[in-house]
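Observations on the model geometry
Chain by chain, the residues run as shown.
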Amino acid sequence: MTRGHADVVVRGIDWLITVDTTRRVIRDAGIAIKPGKFVAIGKSAAIEQAWTAERIVDGKGTVVTPGFIDNHLHASFQMSRGLADEANAQSFLFEHMYPYEAANTAEDVYVSSSFAALELLRHGVTCFIDPGNYHPDATVRAVMASGMRMNVACSCFDQTKSVLGLLPPSMIESTEKCLDKTQGMFDTYLGKHQGRLSVSASFRGLNNATDKLITGLKDIANKHDSFVQTHACFSYSTRDSSIAQHGKPEIERLESLGVLDERTVLVHSGWLEPQEVAMLAKRKPTLVCSPSSSVHNGYGYLTVGMHPELLALGVNVTLGSDHACSGIVDIVQEMRLCVCGYKEARANPRVMPPETAVEMATINGAKGLGMADRIGSIEMGKEADFVMFDATVPEWQPLYNPVSNLVYSATGNTVKHVYIAGDQVLKDGKPTKINYDDVMREVKTTADRIAGRLNMQKMVKLRWPVE
């Protein structure tokens with residue numbers, strides 16, 4: 001019998017969670033990869049019999065999943081952990097995060113983005129959407145060096161003042177500048193970095209964006225067959241601010257502007273008016289649930305949000321970790337917070353089963369990116385992005401149901417190896433493309449530098465005495 005020759009064969013996988021079209025879970029599984037794509041998936045014995053390989057990887061004691069896709073992560077906020085605790089929406093944005101962002105240099109953003117890539121990889125994320133910052137080139141350099149996939153955007157605000165507050169001067173730009181720099185991102189980066197980098201248009205918040213900016217960015221995205229992204233409806237105050245400024249809530253405003261469709265990514269989308277639920281069900285944009293930011297800041301959108309119902313109505317709902325200032329950047333913990341938060345809010349244990357959370361973090365995330373034909377599941381012909389969890393540790397045992405253990409008991413810290421397009425980017429918990437120790441040294445230096453520019457007494461709320 002003629003045997004195929006692959007670049008990589010992974011054999012003896014205890015449990016393989018494919019998230020393919022039939023949602024197969026395979027025990028004692030194997031996969032073959034060539035060149036950078038899945039060419040065979042099945043029982044380990046059959047794969048070993050049919051394929052030789054340059055490299056054989058032992059999957060014993062592991063659970064393997066598709067690479068996770070984080071649909072919303074501010075890489076430039078990775079250095080903000082601990083700077084915005086116990087703050088409501090207005091205080092969080094205008095007293096903490098916008099001053100932090102305005103104080104960042106390109107060097108700071110580069111280190112922060114390297115740190116974000118490191119933490120994402122360690123938790124099994126192979127691709128993420130960044131909503132943009134004021135030094136996106138630094139983010140691209142850092143993330144591409146790590147071997148990750150990313151969708152990049154530049155930050156756009158053109159309305160300096162809202163009901164909630166006034167933006168820092170360095171973040172104030174004209175509509176024309178926002179549109180020009182967004183077009184420049186597509187001109188510079190589209191098609192670069194061997195398909196690991198894609199580009200979108202981003203206005204960071206509805207209440208700081210004019211109608212002209214929103215429709216202009218949507219036109220740019222459409223021209224390049226991409227999507228437009230924004231934060232929406234994450235707090236009652238942003239909803240009420242929209243009504244005060246524009247006479248209508250946020251989703252209804254987008255609908256009235258003609259920009260709400262399947263190539264729109266809306267982050268949070270918790271505080272909805274009844275008519276907006278119908279609009280979302282009709283237009284079917286991608287919604288990104290970021291539970292850790294809601295529970296950290298008390299936004300309440302897991303209490304009032306409609307993500308389970310919108311999923312049932314055919315809307316694509318995904319997951320995002322949002323930012324380090326809400327504590328975790330761990331998509332595995334986000335899965336647990338999402339499903340358990342909605343079970344508690346609904347007082348219904350059948351709401352949001354763990355399988356739904358895994359779909360949100362994989363194939364749904366790929367749909368949000370417009371890349372479901374390439375990534376998001378372990379299927380023949382798709383690019384070989386996958387995660388190998390160490391299932392021998394206590395968090396994974398006893399292992400009766402790997403999907404349940406992944407969502408309800410494991411954390412991202414149990415990730416052992418990560419592959420992107422068949423290339424190993426994390427080995428035994430350490431990145432292979434960037435140096436772990438170097439990144440962590442730069443994190444300490446950069447944290448001290450940023451702290452020197454901020455009012456840390458106002459930012460950090462240490463309530464116990466420090467000696």
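The coordinates are above.
A short tour of the structure in this document, coming up. Note that the structure is predicted; figures quoted are calculated from it, not measured.

What follows concerns the pairing of strand 11 (residues 228-232). Extensive coverage of strand 11 is indicated by the burial of 5 of its 5 residues. What you see with strand 11 is no split at all: Val228, Thr230 and Ala232 on one side and Gln229 and His231 on the other are buried throughout. Pairing analysis gives 3 bridges linking strand 10 (residues 201-205) to strand 11, with the strands arranged parallel. Residue pairing across strands places Gly205 opposite His231, the latter belonging to strand 11. Bridging between strand 11 and strand 12 (residues 264-268) involves 5 bridges; their strand directions are parallel. If you follow His231 over to strand 12, its bridge partner there is Val267.

In this section: the pairing of strand 14 (residues 316-319). Going residue by residue along strand 14, you find Asn316 and Thr318 tucked away on one face and Val317 and Leu319 tucked away on the opposite face as well. Strand direction decides the pairing type here: strand 13 (residues 286-289) and strand 14, joined by 4 bridges, are parallel. Residue pairing for strand 14: Leu287 is matched across the bridge by Val317.

Another aspect to go through is unusual backbone geometry. Here the amide bond leading from Gln397 into Pro398 is cis, since omega sits at -10 degrees, within 30 degrees of zero. The topology assignment puts Pro398 in the loop between strand 15 (386-390) and helix 16 (402-408). The backbone of Asp28 sits at a positive phi, close to 50 degrees, despite the residue not being glycine. Along the chain, Asp28 turns up in strand 2 (residues 25-33).

Attention now goes to the nonpolar core. Ranked by size, the top nonpolar core spans 115 residues in total, and within it Phe68, Phe128, Phe203, Ile251, Cys289, Met335 and Phe389 carry the most contacts. Residues within four places of Phe203 in sequence aside, it is in contact with Cys156, Ala209, Leu213, Ile214, Leu217, Val228, Gln229, Thr230, His231 and Leu254.

Strand order in this open sheet of 5 strands is 10-11-12-13-14, and the pairing throughout is parallel. One side of each edge strand has no neighbouring strand; the edge strands of this open sheet are strand 10 and strand 14. Looking at each pair of strands side by side, their axes are set apart by 20 degrees on average, direction ignored. Where strand 12 and strand 13 come together, 3 bridges link them in parallel fashion. In the strand pairing of strand 13, Val267 is matched with Val288. With respect to the sheet, helix 14 (residues 354-361) is in contact with strand 13 and strand 14, its orientation differing from that of strand 14 by roughly 85 degrees.

What follows covers the pattern of salt bridges. What the rule picks out here adds up to 25 salt bridges. Close ionic contact of Asp20 with Arg24 constitutes a salt bridge, the shortest N to O distance being 2.8 Å. Taking relative accessible area as the criterion, Arg24 reaches 35% and is therefore assigned partly exposed. As a salt-bridge pair, Asp438 and Arg441 come within 2.3 Å of each other at their nearest N and O atoms. Here Arg441 and Asp438 lie together in helix 17 (residues 436-451), a separation of 3 residues that amounts to about one turn. Where salt bridges share partners, they join Glu107, Asp108, Arg449 and Arg453 into one cluster.

By the secondary structure assignment, His231 is in strand 11. Given the relative accessible area of 12%, His231 is considered buried. At 3.2 Å, the side chain of His231 and the side chain of His72 are in polar contact.

The strand order across the open sheet formed by 4 strands is 6-7-8-9, and the pairing between neighbours is parallel. Looking at strand neighbours, the two that pair on one side only are strand 6 (68-70) and strand 9 (197-199), the edges of this open sheet. Neighbour to neighbour, the strand axes of the sheet diverge by 15 degrees on average, direction disregarded. Here 3 bridges tie strand 8 (residues 149-152) to strand 9, and the two strands are oriented parallel to one another. Within strand 9, the residue paired with Met150 across the bridge is Leu197. This element, helix 4 (residues 136-146), spans strand 7 (125-129), strand 8 and strand 9 of the sheet and lies at about 170 degrees to strand 8.

Scoring rules and cut-offs
Residues numbered from 1 in each chain as written. Predicted model: local features only at pLDDT ≥ 70, side-chain atom pairs only at ≥ 80, totals over all residues. Heavy atoms only, no water. Buried < 20%, exposed > 50% of the residue type's maximum accessible area, 1.4 Å probe, protein only. Helix = DSSP H or I, 4+ residues; strand = E, 2+ residues; numbered from the N terminus. Pairing = 2+ DSSP bridges. Core = buried A, V, L, I, M, F, W, Y, C linked by side-chain atoms within 4.5 Å. Contact = heavy atoms within 4.5 Å. Axes fitted to C-alpha atoms, helices over the stretch in contact; angles between N-to-C directions. Salt bridge = Lys/Arg side-chain N within 4 Å of Asp/Glu carboxyl O. Polar contact = N/O pair within 3.5 Å; in protein donor to acceptor, adjacent residues only side chain to side chain.

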